[in-house]
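Descriptive analysis of the structure
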Amino acid sequence: MQDLRISLVQGDTRWHDPAANREYYGALVAPLAGATDLVVLPETFTSGFSNEAIDRAEGMDGPTVAWIREQAAKLGAAVTGSVQLRTEEGVFNRLLWATPDGALAHYDKRHLFRYAGEHRRYAPGRQRLTVEWKGWRINPQVCYDLRFPVFCRNRYGVERPDGMDFDLQVFVANWPAPRAHAWKTLARARAIENLCYVAAVNRVGRDGNGLEYSGDSAVIDFLGQDQVEAHGREQVLTTTLSAAALAAHREHFPAMLDADPFELRDPAR
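Once a new chain begins, its residue numbering starts again from 1 and follows that chain's sequence as written. Given that the model is predicted, a residue must reach a pLDDT of at least 70 before its local features are reported, and side-chain atom pairs must reach 80 or more before they are shown or counted; all residues, however, enter totals for whole chains, interfaces and linings. The side-chain numbers reported here are obtained from all heavy atoms of the structure, hydrogens and water having been left aside.

A look at the nonpolar core
Only buried Ala, Val, Leu, Ile, Met, Phe, Trp, Tyr and Cys residues count toward a nonpolar core, and they belong to the same one when joined by side-chain atoms within 4.5 Å. Buried means the residue's accessible area, taken with a 1.4 Å probe over protein chains only, is under 20% of the maximum for its type, while exposed means over 50%, and partly exposed covers the values in between. With 46 residues, the main nonpolar core has Ile6, Leu38, Trp136, Ile138, Leu168, Val198 and Leu241 as its most contacted residues. What counts as a helix is a DSSP run of H or I of at least four residues, what counts as a strand is a run of E of at least two, and both are numbered from the N terminus. Ranked by residue count, the leading element in this core is strand S9 (residues 197-201), at five residues. In what follows, residue pairs with any heavy atoms lying within 4.5 Å of each other are defined as contacts. Ignoring sequence-local partners within four residues, the contact set of Trp136 consists of Met1, Gln2, Asp3, Leu4, Val131, Asp167, Leu168, Tyr197, Leu241, Ser242, Ala243 and Leu246. Counting residues in hydrophobic clusters, the runner-up holds 20 residues, among them Leu28, Val29, Val79 and Ala98.

Things to note about the side chain of Asp207
Mapped onto the elements, Asp207 comes out in the loop between strand S10 (204-206) and strand S11 (212-214). Note that His is not counted, nor are the chain ends; the positive residues are Lys and Arg, and the negative ones are Asp and Glu. The salt bridge definition used is simple: a Lys or Arg side-chain nitrogen within 4 Å of an Asp or Glu carboxyl oxygen. Arg203 is the oppositely charged side chain nearest to the buried, salt-bridge-free Asp207, at an N-O distance of 5.0 Å. Pairing of N or O atoms within 3.5 Å defines a polar contact, subject to two protein rules: one partner must be a possible hydrogen donor and the other a possible acceptor, and residues neighboring in sequence count only if both atoms are side-chain atoms. Within the structure, Asp207 has its side chain in polar contact with the backbone nitrogen of Asn209 (distance 2.8 Å). Non-local contacts of Asp207, meaning those with residues more than four positions away in its chain, are made with Trp15, Phe49 and Tyr213.

Focus: the sheet that holds strand S12 (residues 218-220)
The strands making up a sheet associate through backbone hydrogen bonding, with each pair oriented either parallel or antiparallel. Being paired, for any two strands, means DSSP has found at least two bridges between them. Spatial strand order, S6-S7-S8-S9-S12-S13: six strands in an open sheet with mixed pairing. The two strands at the open ends of the sheet, each matched to only one other strand, are strand S6 (131-133) and strand S13 (226-229). Between one strand axis and the next, the sheet turns by 20° as a mean value, whatever way the strands run. Here strand S7 (residues 136-142) runs beside strand S8 (residues 168-172); their pairing, made up of five bridges, is parallel. Directly across from Val142, in S8, lies its bridge partner Val172. Angles run from 0 to 180 degrees between N-to-C directions of axes, and those axes are lines fitted to C-alpha atoms, restricted for helices to the stretch in contact. Along the sheet face, helix H5 (residues 180-194) touches S8, S9, S12 and S13 and points at about 160° away from the line of S9.

Observations regarding the packing of aromatic side chains
What characterises a pair of aromatic rings is the spacing of the ring centres plus the angle enclosed by the ring planes. Centre distance within 6.5 Å is the pairing criterion for rings of Phe, Tyr and Trp, where only the six-membered ring of Trp is used; planes under 30 degrees apart are then read as stacked, over 60 as edge-to-face, and the remainder as tilted. Here the structure, examined in full by the defined rule, presents 10 aromatic pairs. With centroids separated by 6.0 Å and ring planes inclined at 80°, the aromatic side chains of Tyr25 and Phe45 adopt a geometry described as edge-to-face. Taken together, the positions of Tyr25 in helix H1 (residues 18-29) and Phe45 in the loop between strand S2 (38-40) and helix H2 (63-75) put the pair 20 residues apart, joining distant regions of the chain. Across the pair, exposure class does not vary: Tyr25 and Phe45 are buried alike. The interplanar angle of 45° and the centroid separation of 5.4 Å between the aromatic rings of Trp175 and Trp183 together place this pair among those described as tilted. Classification of Trp183 as buried rests on a relative accessible area of 1%. An aromatic cluster is defined as three or more aromatic residues linked by ring pairs; in this entry it consists of Tyr24, Tyr25, Phe45 and Trp67.

Some remarks on empty space enclosed by the protein
A pocket here means an open set of points on a 1 Å grid, computed over the protein atoms alone, that has protein on both sides within 12 Å along at least five of seven lines. A cavity is instead a set of points where a 1.4 Å probe fits but cannot get out; residues with an atom within 4 Å of a point line either one. Grid points are joined across faces, edges and corners, and a volume is the space filled by probe spheres set on the points. Per the stated rule, a full pass over the model turns up two cavities of 30 Å³ or more. Considered as a void within the structure, the largest cavity measures approximately 100 Å³ in volume. Residues are sorted three ways: Asp, Glu, Lys and Arg are charged, Ala, Val, Leu, Ile, Met, Phe, Trp, Tyr, Cys and Pro are nonpolar, and all the rest, Gly among them, are polar. Residues belonging to the lining of the largest cavity are distributed by class as follows: four nonpolar, five polar and two charged. In this structure, the second largest cavity occupies an estimated 40 Å³ of space. Around the second largest cavity sit Thr44, Phe49, Ser50, Asn51, Gln84, Asn93, Glu118 and Tyr122, which together line it.

Let's talk about helix H6 (residues 243-252)
Three or more residues of H6 are buried, namely Ala243, Leu246, His249 and Arg250. For H6, the angular spread of the buried residues around the axis is 130°, confining them to a single face. Facing away from the buried side of H6, by more than 90 degrees, are the exposed residues Ala244, Glu251 and His252. Contacts made by the buried residues of H6 are with S7, H5, S9 and strand S14 (235-241). Regarding H6, its N-cap is Ser242, as a side-chain oxygen of that residue lies 3.0 Å from the backbone nitrogen of Ala245 further along. Directions drawn from the helix axis to the C-beta atoms are what define this arc.

Here it is in structure tokens:
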């Protein structure tokens, strides 16, 4: 592993306007070309968090998938964020992971936000995703997933021998301001319990439903301490994750060796 430069893009997503959002976020990330390794956009960054956006959901051959691949190539970095995408199995809140070589992976949000009725309109994901980038193993998740520590749990010796499942956990979100304390607390808990870095990216502004978002995007280290934190305005923050510091912490405090074994199962089985 080498050190990893990561950029958090905390934007004010335009409501139900994919073309405007692609232009908006494209302008925000353009200065990052050659200056970062990973760019993280919010959840549903082309529409805002809306059950009504399902009617305009694109396919995997649509303009947003092409756009995120284009951004990865332009920036020379991995780019990730979630959008509504339609497949033969339904419409998913799908996190896309694009790299400069043209590769594309995805993760479908597993925990759908019942409080807002997301579970009635969108299809749930089944499998957790781990990607490898610049020597790091990274587990990307979406918003409400943050509240489910079993699904988020890092394990030792399962996905790789004599190692942990992941080194960095990424959460992309549209997390309203009234629940900001939970957002901040849970993100730091995930970093501590998983002995990993956490990058948590939320939006700002007011959406079409009148909900306010305070941002509070952050990169948090394995001790639960903020490396960088954004607040309630549009911001793009870049910081560097230390591979040596993470390795030293795990060697000094090997709590993963005392963890309880468990298996993640497909909920459809």
